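# Descriptive analysis of the structure
What follows is each chain in one-letter form.
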Amino acid sequence: MIADLQTSTTSNFIPAFAAEPESSVVLRGISWGTYERLLDETGENPNPHFFYNQGDLLIMTLSPEHEDLKDAFTALVNLLALETKTRFRGLGSATFKREAYQRGFEPDACFYFTNEPAIRGKKRLNLTTDPPPDLVIEVDITHFSFDKLELYAEYGVSEVWRFTNNRVEILQLESGRYAKATNSLYLPILTAETLSEFMLKSELVDRYEWLAEIRLWATRENLK
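Residues numbered from 1 in each chain as written. Predicted model: local features only at pLDDT ≥ 70, side-chain atom pairs only at ≥ 80, totals over all residues. Heavy atoms only, no water.

Most of helix 4 (residues 148-155) is tucked away, with six of its eight residues classed as buried. For helix 4, every residue scored as buried is listed here: K148, L149, L151, Y152, A153 and Y155. For helix 4, the side-chain oxygen to backbone nitrogen distance between the N-cap and L149 is 3.1 Å, and the N-cap itself is D147. Trailing helix 4 by a residue or two, G156 shows a phi angle of about 85 degrees, which is positive. (Buried < 20%, exposed > 50% of the residue type's maximum accessible area, 1.4 Å probe, protein only. Helix = DSSP H or I, 4+ residues; strand = E, 2+ residues; numbered from the N terminus. Polar contact = N/O pair within 3.5 Å; in protein donor to acceptor, adjacent residues only side chain to side chain.)

The structure is reproduced here in structure tokens:
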């Protein structure tokens, strides 16, 4: 549980936020210093997630459903990158923040493809000089009035996979805004339709059977 903290700019208190099934709260008028203190307080704890955008703070707790879908996405990327001989690196739900932007985020999962050589071997990233992830995965089960895509666009994340309403959207950055795309930039074997089918199937069978089916599909696609 996150302890109540008083912001440095207002007399409001951040409410206690218990780790219950998929819940979220958006707080307004939160200082950068308070955001950083919350990050320090939770440390390496993967729950909750924080998103900060120029004074607005989203705090999310993560449900088993959310984490199961995140795990499936991560396993799928790992498998298909291997099957298609695509070089990559995953940084999970690492915290990305930059005070000059007054913005920070913790994705459900993220991956480097084109920019992987630039961050290889680094224990910490400095977004003043280091590139952002190439791909961010967003599992949107709880809908809220907070635009995560604005954060990702500000940092220059070129592709987002967003799972919402039991569908996967592939969103690609074009002129500072995200537009829907048919195929992934980094794993072009994948379409939004195929991704949606895979993710729905992931909830119906065990992970071994699911990955075996995807591997067989990838083998067939590679032979075309």
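There is more to say, and it comes next.
The subject of this paragraph is the sheet that holds strand 4 (residues 89-90). The six strands are arranged 4-7-8-9-10-11 in an open sheet whose pairing can be described as mixed. The open sheet terminates on both sides in strands that have one partner only, identified here as strand 4 and strand 11 (177-181). Here strand 7 (residues 109-112) runs beside strand 8 (residues 135-140); their pairing, made up of three bridges, is antiparallel. Note on strand 8: the bridge partner recorded for F111 is L135. Helix 5 (residues 192-202) rests against strand 9 (159-164), strand 10 (167-174) and strand 11 of the sheet, and its axis sits at about 145 degrees to strand 10. (Pairing = 2+ DSSP bridges. Contact = heavy atoms within 4.5 Å. Axes fitted to C-alpha atoms, helices over the stretch in contact; angles between N-to-C directions.)

Moving on, we get to the packing of aromatic side chains. Overall, the coordinates contain 14 aromatic pairs when judged by the stated rule. Ring plane angle 50 degrees and centroid distance 6.3 Å describe the contact between F73 and W161, whose orientation is recorded as tilted. With a gap of 88 residues between them, F73 in helix 2 (residues 64-83) and W161 in strand 9 connect regions that are remote in the sequence. Side by side, F73 and W161 carry an identical accessibility label, which is buried. Measuring from centroid to centroid gives 6.4 Å for F111 and F113, while their planes differ by 40 degrees, and the two rings are tilted. (Phe/Tyr/Trp six-rings, centres within 6.5 Å; stacked < 30°, edge-to-face > 60°.)

A pair can form between side chains of opposite charge whenever their charged atoms are brought close. One pass over the full model with this rule turns up 16 salt bridges. Among the salt bridges present, the one from E154 reaches R103, with a minimum N-O distance of 3.6 Å. In this pair, E154 is assigned in helix 4 and R103 in strand 6 (residues 103-105), connecting sequence segments 51 residues apart. Residue E154 is classed as partly exposed on the basis of its relative accessible area of 35%. For E169, the salt bridge identified is with K180, shortest N-O distance 3.4 Å. (Salt bridge = Lys/Arg side-chain N within 4 Å of Asp/Glu carboxyl O.)

Before going further, it helps to spend a moment on the packing of helix 2 against helix 5. In contact at an axis separation of 10 Å, helix 2 and helix 5 are set at 125 degrees when each is read in the N-to-C sense. One element, helix 2, and the other, helix 5, form an angle in the oblique class. In the packing of helix 2 onto helix 5, the handedness of the crossing is right-handed. In this structure, helix 2 contributes L69, A72, F73 and L76 to the contact, and helix 5 contributes L195, F198, M199 and S202. Partitioning the contact of helix 2 with helix 5 into residue classes produces seven nonpolar, one polar and no charged. (Parallel < 35°, antiparallel > 145°, perpendicular 65-115°, else oblique. Left-handed = near helix turned anticlockwise from the far one by under 90°. Nonpolar A, V, L, I, M, F, W, Y, C, P; charged D, E, K, R; others polar.)

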